[in-house]
Amino acid sequence: MAGVTEEQELKALYDRGGLGAVIQQLQSYLGKSERITLDIAVTGGSATGKSTLVNALRGIGDGEPGAAPTGETETTMEPTMYQYPNKDTIKIWDLPGIGTPNFQASNYFKHVQFERYDFFIILSAPRFTENDLFLAKEIQQRKKKFYFVRSKIDQELGSGNYREKSHYDENKTLEKFRNASVESLKKGGIESPQVFLISGWNLEKFDFEKLQEVLKEDLPALKRRVLLLSLSNIILSIIDKMKEAKMGEIEKVAHESAVSAWPIVRLFNGINIIRLVDFLTSCRTHFSLDDDSLWKIAESAGKTRVQIRSAVTSTFGLKVSEKDVEKGLEEIENKEYVIFRFLKYVPFLGAPIGAKISKTSRYTLLETAVWEMAEDSKRVLEKAFPLSD
Ligand SMILES: Nc1nc2c(ncn2[C@@H]2O[C@H](COP(=O)(O)OP(=O)(O)OP(=O)(O)O)[C@@H](O)[C@H]2O)c(=O)[nH]1
Ligand SMILES: [Mg+2]
């Protein structure tokens, strides 16, 4: 995972060369993602076979030395880490079950330190539960990934009296189970869930081998994603700091631009508008939304300029012009201060009130613009390195 050195390096790069320089460096960090550690958590309801699966994934039989304790009387109370075989960068964690009196859903996340894990396997047996969906949503919300594993499938097949029916077809029944889980997750708002059906007591049958293969194949992408997520978070906080810095300047800019804007009405308006235009143009560059920056970002990320540019949607992120600034101010003033329309024509009285409104509307315009440009910048980053890949 990215550390303090990377954070300092990225910050320095951002100050010197904006998002383009940062993204170039990101590419080189991601090239080394193989070295990062991946913490996989096996979670789910209690007694669903989590510890049994941990042992199976490690190729160790229940009860063998070094195996995770399993069984009705061997409730896992604390998250326990095990080494994944032949991969010193992969750790597999056996977690307590969610939803028992000891671990209600509300305190589960804190107790197991949910944030610590990079990838999850949710075990569910025999039926899909609210807690399964709860876990899946919490994981998705943290932009992390999971497999959904329905375990004890041997019991399920045995208890359904399916076999007694003359037209019994095991594959079809399994497909039905698989689809039912996928549907329940999708209905709960989970995007493209991967579902496996396994029996901890019969690893050769059902999907256990497939689960192992898919996991092995997914490992490089998962590691890359973990690193990307942590680097993205660093960059997002750098963008937020830039936003704060720009927000800190807007009071002064709004004031300077408003002082002489009223009462000499439109005469000096041009000059005042230019102060706003200059500030917004500098923001656009600082958030790396100008054409040169977008070009550099597209090149570094191996995307087209059109792809990267499509992330920029705000008025001033796209272009800063006097006309748009004037239009923006007019819209704010007309919307928020009906009185403003009449004040323009009232001598003396209109001046001080108008000046105040003028400053406030400038402040509102700048505040919205800075906020939107920061959001544009974040979307550019996501476009350059999508987490959804
Ligand atoms: N029939 C059947 N039993 C299983 C399967 N997997 C686990 N079991 C049994 O279910 C019981 C609970 O298994 P564990 O692996 O300890 O379950 P757990 O989820 O770790 O339980 P807690 O730590 O208490 O939450 C044990 O008796 C296992 O032998 C399976 O696929 N099929
Ligand atoms: Mg256990």
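Worth saying up front: this structure is predicted, and the values here are computed from it rather than measured. (Residues numbered from 1 in each chain as written. Chains lettered and ligands numbered in written order. Predicted model: local features only at pLDDT ≥ 70, side-chain atom pairs only at ≥ 80, totals over all residues.)

**Digging into the overall build of the protein chain**
Scanning the protein chain for helices and strands turns up 14 helices and six strands. Counting all 389 residues of the protein chain, 37% fall into the buried class. Long-range contacts, defined here as pairs at least 24 residues apart, represent 73% of the contacts in the protein chain between residues at least 6 apart. (Helix = DSSP H or I, 4+ residues; strand = E, 2+ residues; numbered from the N terminus. Buried ≥ 20, exposed ≤ 12 C-beta atoms within 10 Å, placed from the backbone. Contact = placed C-beta atoms within 7 Å.)

**Remarks on the environment of Phe146**
With respect to the helices and strands, the residue Phe146 is situated in strand E5 (residues 145-150). A sequence separation of 47 residues divides Phe146 from Pro193, and the C-alpha atoms of the two residues are 7.9 Å apart. Look past the residues within four positions of Phe146 in its chain and what remains in contact with it is Phe119, Phe120, Ile121, Ile122, Ala136 and Ile139.

**Looking at the site of ligand 1**
Taken together, 22 residues lie near ligand 1, and Gly49, Ser51, Thr76, Gly97 and Gly200 sit nearest. Elements with a contribution of two residues or more to the shell around ligand 1: helix H2 (50-58) and helix H5 (153-159). Per-element accounting of the shell around ligand 1 gives the leading share, three residues, to H2. Among the residues forming the shell around ligand 1, the class breakdown is three nonpolar, 14 polar and five charged. (Near = placed C-beta within 6 Å. Nonpolar A, V, L, I, M, F, W, Y, C, P; charged D, E, K, R; others polar.)

**What about H2?**
Burial analysis of H2 places eight of its nine residues in the buried class, which makes it a mostly covered element. Every buried residue belonging to H2 is among Lys50, Ser51, Thr52, Leu53, Val54, Asn55, Ala56 and Leu57, and all of these are buried. At the C-terminal side of H2, Gly59 shows a positive phi close to 70 degrees.

**Overview of the packing of helix H1 (residues 4-30) against helix H9 (residues 291-301)**
Direction vectors running N to C along H1 and H9 enclose 5 degrees, while the axes themselves pass 8 Å from each other. By the criterion of interaxial angle, the relationship of H1 to H9 is roughly parallel. Packed against H1, whose contacting residues are Gly18, Leu19, Gly20, Ile23, Gln24 and Gln27, the element H9 presents Ser293, Lys296, Ile297, Ser300 and Ala301 at the interface. Looking at side-chain class alone, the contact of H1 with H9 contains four nonpolar, six polar and one charged residues. (Axes fitted to C-alpha atoms, helices over the stretch in contact; angles between N-to-C directions. Parallel < 35°, antiparallel > 145°, perpendicular 65-115°, else oblique.)

**A closer look at the sheet that holds strand E4 (residues 119-124)**
Pairing is mixed across the open sheet formed by six strands, whose spatial order is E2-E3-E1-E4-E5-E6. Of all the strands in the sheet, the pair left with one neighbour each is strand E2 (80-83) and strand E6 (194-197). With strand direction ignored, the average angle separating the axes of adjacent strands in the sheet is 25 degrees. Pairing geometry for strand E1 (residues 38-44) and E4, over five bridges, is parallel. From the neighbouring strand, Ile40 faces E4, where its bridge partner is Phe119. Those strands touched by H2 are E1, E2, strand E3 (90-94) and E4, and its axis lies near 155 degrees from that of E3. (Pairing = 2+ DSSP bridges.)

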